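In case you want the letters, here they are:
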Amino acid sequence: MPDLDEWLAHGTDRLLRFAYLQCGSTELAQDVVQDVVVDLLRHRARLEREVEVIDAYSRRAVVNRLRSVWRHRAVQQAHPVPPPAVVRHDDAVVEDLDLQRRLARLPARQRAAVVLRYYEDYSHRDIAVVLGCTESSARSLLTRALQSLRATAPETHGAPR
Amino acid sequence: MTDLQQRLRRLADQPELDAHAVLRAARQRDRRRRRVRHRVLVMAAASVLAAVLVALPQAVAILEDRRSTTGEPVATLSTDPGGIAEAMRRSAERSLGVLVEGAPIRLQLLGDNSEKLPAARAAEASAARMELGARDSRHRWRIYVGPASDLPDDPARLCPQRTTTVLPCSARDTADGVVVVSQYVLRRLPDLQLPGGGPAYSVVDDPRLLTPEDLADVRLEKHVSLVRPSGVKTTVVETVDGPPRLEETSFAATEQQLTAVAIDPALRWR
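Described in the following lines is the structure provided in the data block. (Residues numbered from 1 in each chain as written. Chains lettered and ligands numbered in written order. Predicted model: local features only at pLDDT ≥ 70, side-chain atom pairs only at ≥ 80, totals over all residues. Heavy atoms only, no water.)

Overview of the overall build of chain B
Okay, step 1: A tally of regular secondary structure across chain B gives four helices and nine strands.
Okay, step 2: Counting only residues that meet the buried cut, chain B has 39% of its 270 residues in that class.
Okay, step 3: About 15,000 Å² of surface is accessible on chain B, with carbon and sulfur atoms providing 53% of the total. (Helix = DSSP H or I, 4+ residues; strand = E, 2+ residues; numbered from the N terminus. Buried < 20%, exposed > 50% of the residue type's maximum accessible area, 1.4 Å probe, protein only. Areas by Shrake-Rupley, 256 points an atom, 1.4 Å probe, with all protein chains shown as cover.)

Digging into the packing of aromatic side chains
Residues and elements named next belong to chain A.
Okay, step 1: Throughout the structure, instances matching the rule amount to zero aromatic pairs over all chains.
Okay, step 2: Directly above the aromatic system of Tyr119 lies the positively charged group of Arg14, at a separation of 4.4 Å from the ring centroid.
Okay, step 3: Between Arg59 and the ring centre of Phe18, over which it is positioned, the NZ or CZ distance is 5.7 Å. (Phe/Tyr/Trp six-rings, centres within 6.5 Å; stacked < 30°, edge-to-face > 60°. Lys NZ or Arg CZ within 6 Å of the ring centre and 35° of its normal.)

Considerations on the side chain of Asp241(B)
Residue and element names in this part refer to chain B.
Okay, step 1: Here Asp241 lies in strand S9 (residues 232–241).
Okay, step 2: A polar side-chain atom of Asp241 sits 2.9 Å from a polar atom in the side chain of Arg140.
Okay, step 3: A polar side-chain atom of Asp241 sits 2.9 Å from a polar atom in the side chain of Arg219.
Okay, step 4: Every residue in contact with Asp241, bar those within four places of it in the chain, is listed here: Ser137, Arg138, Arg140, Tyr201, Val218 and Arg219. (Polar contact = N/O pair within 3.5 Å; in protein donor to acceptor, adjacent residues only side chain to side chain. Contact = heavy atoms within 4.5 Å.)

Section: helix H9 (residues 135–152) of chain A
All names here are of chain A.
Okay, step 1: For H9, built from 18 residues, the straight-helix expectation of 26 Å at 1.5 Å per residue is met to within 8% by its first-to-last C-alpha distance of 26 Å.
Okay, step 2: Residues Ala138, Leu141, Leu142, Ala145, Leu146 and Leu149 constitute the buried set of H9. Along H9, the residues classed as buried sweep out an arc of 125° about the axis, all on the same side. Residues of H9 that are exposed and point over 90 degrees away from its buried face: Ser136 and Ala151. (Expected span 1.5 Å × (residues − 1). Arc of directions from axis to C-beta.)

The following block contains the structure:
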């Protein structure tokens, strides 16, 4: 089982991208993940006894912190969501921007469920742990999120049910 | 891999996301937090230590009030009024010497409301007052041992409110407690007698207004009190009836002699 430092060395990058997919802002994602890492370091003694929970704990912390930031209008204004940095110039860029816009329209918990399922490959059970709900609620969140994404999509995604 | 998975991975592939920078900043914040926490803990520990160092001498003083340091037996008033009388007499003779040698002694036990108690009710006594000297002699001394009113934060507040520059009063902190030295000028009230039959006196606010002829009806008093942190007070009073002048020289005992009785450890309350 890795210790916290080992987890941070390998897991921070993944956590950062997980945060970015939900907020669409590199600055906000970095700020939020920095807060979460400080929190992990503060609870080092407890977390090192329960390293298996760090994945879920850190993701739940990111989701909650982002929701808190969005609720707090003053902070939201301090982190205006910028347009994504365009580094590629192909059709995929247009598709990605479109996906990001549609993700941004989802409620926060639905968006988190989609990212956890299709970016992190989490099971419904693990999604429920991160979001602090039952497994059936996690399924329901995901179903509604996919319906919303499909409804606004120019074409179907072929996402698994 | 589904289409949605591929798109999310592409979307997450942002080169601007720098995990090393995030980790570095987080670790710096954590180190700063731990430094601040360490400082706060050190300061808190120092504050507690300082508070203990300040409170300890007072606590020791209170504990010491409850035991004699002279080797002499400390009488327990409630069970041994004769013992407290003996302790007062010895203390007075030791400090005032010939001034009280062979002088008549009267002991009065007092209750919670300063009421006089007979010897038979000694168990109810909460204070004791001893008078040394013949009633008709010009100089007499009183020693009081008993509870004091609350010790104020400012020792100066132990001085009477009516004290003027003509009636000096000083209060100073000592290792044993607050020592208060004050003087009073009292004048006999010609048409009034106390219930016991003695003359009544009232405090003169400004003795400068008295004429030499008035001095025959005047009583000059010097009080030296020790108010211990435990709330026990020992007061020694010299009374001069009809003093020739309202000056320090009218007193037979020096302030040091009176203070020696007031701070005598043998007169601690128990």
